[in-house]
Amino acid sequence: MIIINSIRNPKYNTNINPKYNTKINPKYNTKINPKYNTKINLKYNTKINPKYNTQINPKYNTQINPKYNTKINPKYNTKVNPKYNRELNPKYDKNFQGLFLFNLETKFSLYMIIIENIILLFNERDEFTNYGVQHNENGFLIYDLNQNLISHFESNGENGFNEFDLENKWISFIV
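Residues numbered from 1 in each chain as written. Predicted model: local features only at pLDDT ≥ 70, side-chain atom pairs only at ≥ 80, totals over all residues. Heavy atoms only, no water.

A. Highlighting the environment of Tyr143. Structurally, Tyr143 can be placed in strand β5 (residues 139-144). Once you skip the residues sitting within four places of it in the chain, Tyr143 turns out to touch Pro50, Ile56, Asn57, Pro58, Asn130, Tyr131, Val133, Asn148, Leu149 and Ile150. (Helix = DSSP H or I, 4+ residues; strand = E, 2+ residues; numbered from the N terminus. Contact = heavy atoms within 4.5 Å.)

If you want it as C-alpha cells, here you go:
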C-alpha cells in the first residue's frame, strides 16, 4: 500500500489541491488550460504534436521508446524498476521524489518517475502502465505501451501538472 506524506497529499495540503488553489486549476487559470492557451494545445502547436514532430513520437524515435530503448524500459533495466529499486518506490521510500497522479476527486491512481525527458508511470502494484515524453512547453505526451498517444500532462505553473485527454478535457492532476 502506498502511503503519501501529508505534504504531498492533496487531501491534506490545499496548496497542491486544484479544488482549493485556483492558480493550479485549469478551470480558473486559462494560462494552464490548453482550450485557451494555444502553446499547450496539440491541435495548434505542431512543436508539441507528435503527428508533426517526430522527435517526440516514439513510433519514429526509438530513443524515447521503451520497446526499443532498454535504458528506459523497467522490464530490462532494474535501475528504473520500482519492484527492484526501492529508492524509486513510494511504498519503501518515505522521501520518494517522483510524482503522484490523482483523479479530480483526489483519489490516488498512479505514481511516476522521471528519467531525463521520459516519465514512467506505475500503478499501485508497481506495474509499468504508460510512459511520457517531454515536450518543449514543459509538459509530457503520454503514451500507452503500444505507442498510442492517450493524453498529455501540462505544467500547472507550480511544480505539478494537469492531465488532459486528447480533446483537452481536464481529467486528473499530478503532484
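Following the structure, the description resumes.
B. View of the nonpolar core. Grouped together as the largest cluster of nonpolar side chains are 28 residues, with contacts concentrated most on Phe100, Phe102, Phe108, Tyr111, Ile113, Leu120 and Val133. Elements supplying a minimum of two residues to this core: β1 (99-103), β2 (108-115), β3 (118-122), β4 (128-135), β5 and β8 (170-174). Formed by eleven residues, the second largest nonpolar core is a distinct cluster that contains Leu99, Met112, Phe161 and Ile174. (Core = buried A, V, L, I, M, F, W, Y, C linked by side-chain atoms within 4.5 Å. Buried < 20%, exposed > 50% of the residue type's maximum accessible area, 1.4 Å probe, protein only.)

C. Inspection of the packing of aromatic side chains at higher detail. Overall, the coordinates contain ten aromatic pairs when judged by the stated rule. Here the aromatic rings of Phe140 and Phe161 are separated by 5.6 Å at their centres, their planes lie at 70 degrees, and the arrangement is edge-to-face. Remark: Phe161 occurs in strand β7 (residues 161-164) and Phe140 occurs in strand β5; sequence separation between them is 21 residues. Neither Phe140 nor Phe161 differs from the other in exposure class; each is buried. The ring of Tyr92 is capped by Arg86, whose NZ or CZ atom sits 3.8 Å from the centre of that ring. (Phe/Tyr/Trp six-rings, centres within 6.5 Å; stacked < 30°, edge-to-face > 60°. Lys NZ or Arg CZ within 6 Å of the ring centre and 35° of its normal.)

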